[in-house]
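Listed below, chain by chain, are the residues.
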Amino acid sequence: MNAFWHAVAFLTRFPVPVRLKSEGWEKSAMWYPVVGVGLGAFLAVIDFLVARWFSPPLRALIDTAVWIFMTGGLHLDGLMDTADGFGSHRDRERMLAIMKDSRIGAMGMIAGVLLILFKAAAVWTLAQGPASLFRSVLVVACALGRMGAVWGIFFFPYIREDGIGVGMKEHLTWIRMLFAWICCLLPAVILLGWPGVVLSVVALLVSGGIGLVAKRRIGGCTGDLYGAMIELTEVCLLLILSLRGVEKWFV
């Protein structure tokens, strides 16, 4: 379970009850969707607590703020770094240098602000519907978002020599990747029915599309790209579920 606790410590701000050993880090990606389920369940509890006391706009903002806070802004930072690098339209080496720079540029700031706005607006829209469905969506979106990163690790090369993804790809075998996929597909189907399967395909397409663009532009993925996959997968799922008429799926 050392790999599981590595995933919890890395992806969230939840404290872990054990002392982590370094050898579990490379295998931790298989547990990302499980951590996503836990994060989504936590958000569902938060929503249950605030729904009674706050108006829908404030409820949506609180849910979104907790969502970002509980991940430490890690994935959002990856998205902003990716936007800075890819938005610079420079050569490969310069893009990688920009992405590694801890400072956030104009493109990164724009991408971050827009993502938060889209996510908060989608949460607000979904919160207008049945509470049980909305909270199920939170769980599924968090799980599939992290599965997006797992697919990115598994299917695309990791190009940095000293980044956070070193060793992860080699240890993410077919068996571990399938384990991760089952761990997010099962709750998606249990909570949402057949739309959960559709959403899992959407998550694969989003992360795969990002990975293909990254492979063409810089030769593969980095830790920042994995964060971008998580954030963009989550927000795409929320936007799809916010479309007019989608509620008919769940009748």
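Values in this document were obtained by computation on a predicted structure and should not be read as measured data.

S.K.: Got a minute to help me understand the overall build of the chain in this structure?
M.R.: When you go through the chain residue by residue, the secondary structure sums to 11 helices and zero strands. Ordered by position from N to C terminus, the α and β elements of the chain give α-α-α-α-α-α-α-α-α-α-α. Relative to its length of 251 residues, the chain is compact, with a C-alpha radius of gyration of 17 Å against a globular reference of 18 Å. For the chain, the residues scored as buried account for 50% of the 251 residues in total. Here the analysis covers contacts within the chain between residues at least 6 apart in sequence; of these, 73% occur between residues at least 24 apart. Total accessible area computed for the chain in this model is approximately 12,000 Å², and 69% of it derives from carbon and sulfur atoms. Between the centroid of the 22 positive side chains of the chain and the centroid of its 17 negative side chains there is a distance of 4 Å.

S.K.: Help me understand the side chain of Ser200 in this model?
M.R.: With respect to the helices, strands and loops of the structure, Ser200 is situated in helix α10 (residues 194-218). At 2.6 Å, the side chain of Ser200 and the backbone oxygen of Val197 are in polar contact. Each residue touching Ser200, except ones within four places of it in the same chain, is listed here: Leu144, Trp151 and Leu185.

S.K.: When you look at a nonpolar patch on the surface in this model, what are you seeing that I'm missing?
M.R.: Together, Ile104, Met107, Met109, Ile110, Val113, Leu114, Leu117, Phe118 and Leu239 make up a nonpolar patch on the protein surface, roughly 790 Å² of accessible area in all. No other element matches helix α6 (residues 106-127), which puts seven residues into the nonpolar patch. In this fold, Met109 is placed in helix α6.

S.K.: Would you mind showing me how to read the nonpolar core here?
M.R.: Soluble globular proteins: nonpolar side chains tend toward being buried together. Within the largest apolar cluster, 66 residues are counted, with the highest numbers of intra-cluster contacts made by Tyr32, Trp67, Leu225 and Leu238. The leading source of residues in this core is helix α7 (residues 131-155), at 14 residues. Residues within four places of Leu238 in sequence aside, it is in contact with Trp67, Lys119, Ala122, Val123, Leu126, Val137 and Ala141. Of all hydrophobic cores here, the second largest spans six residues; its members include Leu76, Leu79, Met80 and Val235.

S.K.: Looking at this model, I keep getting lost on the pattern of salt bridges. Mind explaining?
M.R.: Two side chains with opposite charge may pair up if their charged atoms get near one another. Under the defined criterion, the tally for this structure stands at seven salt bridges. When the shortest N-O distance is used, the salt bridge between Asp47 and Arg59 registers 2.7 Å. Taken as a pair, Asp47 in helix α2 (residues 32-51) and Arg59 in helix α3 (residues 56-70) lie far apart in primary sequence, 12 residues in all. The salt bridge partner of Asp101 is Arg103, with a shortest N-O separation of 2.8 Å. On the basis of relative accessibility, which here comes to 25%, the residue Asp101 falls in the partly exposed class. Relative accessible area serves as the criterion here: at 62%, Arg103 is assigned to the exposed category. Each of Lys119, Arg146, Glu231 and Glu234 takes part in one network of salt bridges that share partners.

S.K.: So what exactly am I meant to see when it comes to the environment of Met30 here?
M.R.: Within the secondary structure, Met30 is located in the loop between α1 (2-11) and α2. Overall, Met30 belongs to the buried group, its relative accessible area being 12%. Aside from chain neighbours lying at most four places away, what touches Met30 is Leu172, Arg176, Phe179 and Ala180.

S.K.: Even after reading the chapter, I still don't get the packing of aromatic side chains, so can you show me in this structure?
M.R.: Both the distance between ring centres and the angle between the ring planes are used here to describe each pair of aromatic rings. Scanning the model with the defined rule gives eight aromatic pairs in all. With a centroid separation of 4.9 Å and 65° between ring planes, the pair formed by Phe4 and Trp5 is classed as edge-to-face. Accessibility expressed as a relative area gives 14% for Phe4, which makes it buried. Overall, Trp5 belongs to the partly exposed group, its relative accessible area being 23%. With a centroid separation of 5.0 Å and 90° between ring planes, the pair formed by Phe154 and Phe155 is classed as edge-to-face. Above the face of the Trp67 ring, Lys119 is positioned so that its terminal group lies 4.3 Å from the ring centre.

Analysis parameters
- Residues numbered from 1 in each chain as written.
- Predicted model: local features only at pLDDT ≥ 70, side-chain atom pairs only at ≥ 80, totals over all residues.
- Heavy atoms only, no water.
- Helix = DSSP H or I, 4+ residues; strand = E, 2+ residues; numbered from the N terminus.
- Rg over C-alpha atoms; globule rule 2.2 N^0.38 Å.
- Buried < 20%, exposed > 50% of the residue type's maximum accessible area, 1.4 Å probe, protein only.
- Contact = heavy atoms within 4.5 Å.
- Areas by Shrake-Rupley, 256 points an atom, 1.4 Å probe, with all protein chains shown as cover.
- Lys, Arg positive; Asp, Glu negative; His and termini not counted.
- Charge placed at Lys NZ, Arg CZ, Asp CG, Glu CD.
- Polar contact = N/O pair within 3.5 Å; in protein donor to acceptor, adjacent residues only side chain to side chain.
- Patch = residues over 30% accessible without salt bridge, like charges linked within 9 Å, V, L, I, M, F, W, Y side chains within 5 Å.
- Salt bridge = Lys/Arg side-chain N within 4 Å of Asp/Glu carboxyl O.
- Core = buried A, V, L, I, M, F, W, Y, C linked by side-chain atoms within 4.5 Å.
- Phe/Tyr/Trp six-rings, centres within 6.5 Å; stacked < 30°, edge-to-face > 60°.
- Lys NZ or Arg CZ within 6 Å of the ring centre and 35° of its normal.

Nothing here speaks to function; it is geometry throughout.
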